[in-house]
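Single-letter residue listing:
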Amino acid sequence: MTVEGVIFFSIMAPRKRKPTSSETNDAGESRAKSKRAEKKEATSDEDLPRHRVTVRSLALRMAAIFLFLGLAHWYSVDAGLQSLAKQNEDVPLRRFNVTCSSDFQSDLKKFKGCAPTQCGRVVMDGLISKSEARHLLELAKNGISLGGSNGGASILDLHSGALSKGDSFINIYKYLEKGELGSVFHEGDFKLYSTVAKKIKRAIAKEFGIRLDKLHLTHPTFFSRMTNKPAKTIHDEYWHVHVDKETYETFDYTSLLYLADYQKDFEGGRFIFTDKGSNMTVEPKLGRLSFFTSGSENPHYVERITKGTRYAITVSFTCDKTKAIEHPKLHKS
């Protein structure tokens, strides 16, 4: 019985009524029988008046419901979560294998040597240095500060120039070319960005046993800033479970480089893979790299941010050379 059912049933429980005139002749006898019945101690539900059985049953049912809800909450929060990487641990390399989905079946011949034949999730600390991560963090802050979403999620794509602003996007390079935003980016920013993207590409090729020359940077690749501001558009709703290859057809391998620390710079915001029976979490950490195959073997979402600001960069790769993009270059005004 649902909680609503319990409430409705208790409201509709039988109530006492006055005897009708036809019943008054037997009133004396009924009263005597009633007194004798009251002296008998009720030892089971059958011995109790019907409405009293209902109250007892409801109490037991409600207790069972609350116990179930409590256990369900405990299971989902604790037993239902596995940690792939915690913020306070150093993870040189950790891998979790999953069975590849059928999403890549048609690509196995078309993109031989690149399409995933082994799928999984990988976390690496140390491939990208702390100083490199801090540099990219400043780059993200400087760029996004020129715009920013009205909601809780903002992006900056250095390849296309797309920048969240208000409830839509602008091309930041058009403003920079006109000299309206001053000098924001420097040559060294783009050199570092390319260096980091190449490091990630090599790591993905090595871990998944694919040819480096068959793997290509693709769009969208972007910086993200997440806060606890309420969503204003669908672009702000980052917390929905999704599959990257369904959202972006070009994706074959997805990587995320974290530029802030979970529980230090922000709360909430863990990256969560959703599996049958349990979920697997990655707690962001400055300089931590996480990458995985982009098919439906790896559905995931990001927890809502409850406090602070979470920065990261998504770097995506494809096996389709026609969908490849070049590394970004400085647009000079």
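Cut-off values and rules
Residues numbered from 1 in each chain as written. Predicted model: local features only at pLDDT ≥ 70, side-chain atom pairs only at ≥ 80, totals over all residues. Heavy atoms only, no water. Axes fitted to C-alpha atoms, helices over the stretch in contact; angles between N-to-C directions. Helix = DSSP H or I, 4+ residues; strand = E, 2+ residues; numbered from the N terminus. Parallel < 35°, antiparallel > 145°, perpendicular 65-115°, else oblique. Left-handed = near helix turned anticlockwise from the far one by under 90°. Contact = heavy atoms within 4.5 Å. Nonpolar A, V, L, I, M, F, W, Y, C, P; charged D, E, K, R; others polar. Buried < 20%, exposed > 50% of the residue type's maximum accessible area, 1.4 Å probe, protein only. Pairing = 2+ DSSP bridges. 1 Å grid on protein atoms, 1.4 Å probe; cavity = no way out; pocket = protein on both sides within 12 Å on 5 of 7 lines; lining within 4 Å. Points joined across faces, edges and corners; volume = space filled by probe spheres on them.

Colleague: Looking at this structure, I do not really get the packing of helix H5 (residues 130–144) against helix H7 (residues 187–208). What am I missing?
Modeller: In a packed pair of helices, the relevant descriptors are the angle between the two axes and the axis-to-axis distance. Direction vectors running N to C along H5 and H7 enclose 125 degrees, while the axes themselves pass 10 Å from each other. With respect to H7, the axis of H5 lies oblique. Of the two elements, H5 crosses H7, and the hand of that crossing is left-handed. For the pair H5 and H7, contact is made by Glu132, His135, Leu136 and Leu139 and by Gly188, Asp189, Leu192, Tyr193, Val196 and Lys199, respectively. A class-by-class count of the residues in the contact of H5 with H7 yields 5 nonpolar, 2 polar and 3 charged.

Colleague: What's the story with the environment of Cys319 in this structure? I'm lost.
Modeller: Structurally, the position occupied by Cys319 is in the segment after strand E16 (310–318). Residue classification places Cys319 among the buried positions, given a relative accessible area of 5%. Along the chain, Cys319 and Phe251 lie 68 residues apart, while their C-alpha atoms are 8.2 Å from each other. In this structure Cys319 touches Phe111, Cys114, Ala115, Lys214, His216, Asp252 and Tyr253, once residues within four positions along its chain are discounted.

Colleague: Just to check I follow, could you spell out the sheet that holds strand E12 (residues 278–282) for this structure?
Modeller: As a general point, the strands of a sheet are linked pairwise by backbone hydrogen bonds and lie either parallel or antiparallel. Within the open sheet, the 4 strands sit side by side as E1-E12-E11-E14. Their pairing is mixed. Of all the strands in the sheet, just strand E1 (81–85) and strand E14 (300–302) have a single pairing partner and so form its edges. Pairs of neighbouring strands in the sheet enclose a mean axial angle of 25 degrees, with direction left out of account. Bridge analysis of strand E11 (residues 271–275) against E12 gives 5 bridges, and the strand direction is antiparallel. Counted as the bridge partner of Phe273 is Met280 from E12.

Colleague: Whenever I open this one, the layout of surface pockets confuses me. Can you help?
Modeller: Of the volumes computed, that of the largest pocket is approximately 870 Å³. Taken together, 38 residues line the largest pocket, and the ones lying closest to its centre are Ile155, Phe222, His235, Tyr238 and Tyr248. Elements that contribute at least two residues to the lining of the largest pocket include exactly strand E5 (153–156), strand E6 (162–166), strand E7 (168–171), strand E8 (216–226), helix H8 (244–247), strand E9 (253–258), E14 and E16. It is E8 that provides the largest number of residues to the lining of the largest pocket, a total of 5 residues.

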